[in-house]
Amino acid sequence: MPEGNIIHRLARVHRRWLVGRQFTADSPQGRFTQDARRLSGRTLVGVEAHGKHLFHHFEGEVHLHLHLGLVGNIRHFRCAGPPPSTACRLRLASPHATLHLSGPQRCELLSPEAEAALRARLGEDPLRPEASAPRAFEALRRGRAPLATVLLDQARISGVGNILRAEALFLARLPPQLPAAELRPEDFERLWTALRELLEDAARDGRIVTPHSPPNALTLPGRRREDRFCVYDREGQPCPRCATPITRLSLSGRGLFFCPRCQAPRRGRR
Ligand SMILES: [Zn+2]
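Residues numbered from 1 in each chain as written. Predicted model: local features only at pLDDT ≥ 70, side-chain atom pairs only at ≥ 80, totals over all residues. Heavy atoms only, no water.

Visitor: Sorry if this is basic, but what is going on with the sheet that holds strand β8 (residues 106-110) here?
Guide: What links the strands of a sheet is backbone hydrogen bonding, and the strands pair in either a parallel or an antiparallel sense. Reading across the sheet, the four strands line up as β2-β3-β4-β8 and stay open at both edges, with antiparallel pairing between neighbours. Two strands in the sheet have a free side with no partner beyond their single neighbour: β2 (44-50) and β8. If you compare each strand with its neighbour and ignore which way they point, the axes differ by 15 degrees on average. Here five bridges tie strand β4 (residues 62-67) to β8, and the two strands are oriented antiparallel to one another. (Pairing = 2+ DSSP bridges. Helix = DSSP H or I, 4+ residues; strand = E, 2+ residues; numbered from the N terminus. Axes fitted to C-alpha atoms, helices over the stretch in contact; angles between N-to-C directions.)

Listed below in structure tokens is the structure:
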């Protein structure tokens, strides 16, 4: 599932290419036909990303809410675009920019009030300019669940997926199984900074590359995807800081990667 950086990147591209254009809308797949009719002929006036949610604002206060989920896909073309696939839920077409959406988890029209209500239920998004770090801290530290688990809870913090949580916890040198309630303000500050920096770089570059990942990894021939990361998907490989083999745990059915030394439980270290 795309993490927040991908959604913010889409929002930036769509702001540049699509805002100000008037679109005809249809649903080649047929599951969005009536709503597409309501969109058709309207001009796109703004695009917002909040965590893994994308909102296209059309004139007349008609807002399109998208959540790509596991298999959702957005393709855009700087032209009239090729014929859509039969799975295309929504096509927005204009002579110079076209968007094809398929397989979304959510695709719906919302009033501005309904969008505001939905977003009020989402956690702080580190990439949004108005994000409140104190509110994110309070939301994260509720309860005794492991920090690694609560980081994926979109109602506490928005946009973090499996790769980002592993890399941010490593950069912040935090034990993934630390009970959330034991998160100290100085821990949170490191974690928040790591999340913002990883997300910002990835939203710009289109993929997550963790600083401090092993040197020259990107230039090695036959490079592997996991060489962009410090710990994610690197079970058994040396930690880039201390060379201890990276550990993999399964937590709520998801793989969790960390350095058992740099991110040791802090018993006795307080
Ligand atoms: Zn280490």
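Visitor: Honestly, the confidence of the model for the protein in this entry has me stumped. Any pointers?
Guide: One rule of thumb: low pLDDT means the predicted coordinates there are not for detailed reading. Per-residue pLDDT for the protein averages 92, and the proportion of residues at 70 or more is 94%. Low pLDDT, under 50, characterises residues 216-222; the stretch is placed with six contacts to residues that sit more than four places away or in other chains. (pLDDT = per-residue confidence, 0-100. Contact = heavy atoms within 4.5 Å.)

Visitor: Hey, could you run me through the packing of helix α1 (residues 4-17) against helix α7 (residues 185-205) in this one?
Guide: Each pair of packed helices can be summarised by the angle the axes make with each other and by the distance between the axes. Two numbers describe how α1 lies on α7: the axes approach to 8 Å, and their chain directions differ by 45 degrees. As the angle between them shows, α1 and α7 are arranged oblique. Judged by the twist between their axes, the crossing of α1 over α7 is right-handed. Contacts between α1 and α7 involve G4, N5, H8, R9 and R12 on the former and, on the latter, L199, E200, A202, A203, R204 and D205. Classifying every residue of the contact of α1 with α7 gives three nonpolar, three polar and five charged. (Parallel < 35°, antiparallel > 145°, perpendicular 65-115°, else oblique. Left-handed = near helix turned anticlockwise from the far one by under 90°. Nonpolar A, V, L, I, M, F, W, Y, C, P; charged D, E, K, R; others polar.)

Visitor: Hey, could you run me through the nonpolar core in this one?
Guide: One recurring pattern in soluble globular proteins is that nonpolar side chains are buried together. In this structure, L140, L147, F170, L183 and L191 are the most contacted members of the largest nonpolar core, which totals 45 residues. Among the elements of the structure, α4 (133-140), α5 (147-150), α6 (162-171), α7 and β10 (254-258) are those that each provide at least two residues to this core. Considering every element that reaches this core, the biggest residue donor is α7, with nine residues. Core analysis: the second largest hydrophobic core is formed by 28 residues, F32, A36, V47 and A49 among them. (Core = buried A, V, L, I, M, F, W, Y, C linked by side-chain atoms within 4.5 Å. Buried < 20%, exposed > 50% of the residue type's maximum accessible area, 1.4 Å probe, protein only.)

Visitor: Sorry if this is basic, but what is going on with the coordination of the zinc ion here?
Guide: Put simply, the ideal angle at a metal is 109.5 degrees for four donors in tetrahedral geometry and 90 or 180 degrees for six donors in octahedral geometry. The zinc ion binds to the protein through C239 (SG), C242 (SG), C259 (SG) and C262 (SG), with metal-donor distances spanning 2.2 to 2.3 Å. What the four donor atoms of the zinc ion show is an angle range of 101 to 113 degrees at the metal, which sorts the shape as tetrahedral. Judged by relative accessible area, which is 22%, C242 ranks as partly exposed. Judged by its relative accessible area of 11%, C262 falls in the buried class. (Donors = N, O, S within 2.8 Å, 3.2 Å for Na, K, Ca; no water. Tetrahedral: all angles 85-135°; square planar, octahedral: opposite > 155°, others 65-115°.)

Visitor: In this structure, what is going on with the pattern of salt bridges? I would like to understand it.
Guide: Where charged atoms from two side chains of opposite charge approach closely, those side chains can pair. Under the criterion given, the structure shown has 15 salt bridges. Residue R156 pairs with D153 through a salt bridge whose shortest N-O separation is 3.1 Å. Given the relative accessible area of 13%, R156 is considered buried. Within the structure, one salt-bridge network assembled from shared partners comprises R184, E186, D187 and R190. (Salt bridge = Lys/Arg side-chain N within 4 Å of Asp/Glu carboxyl O.)

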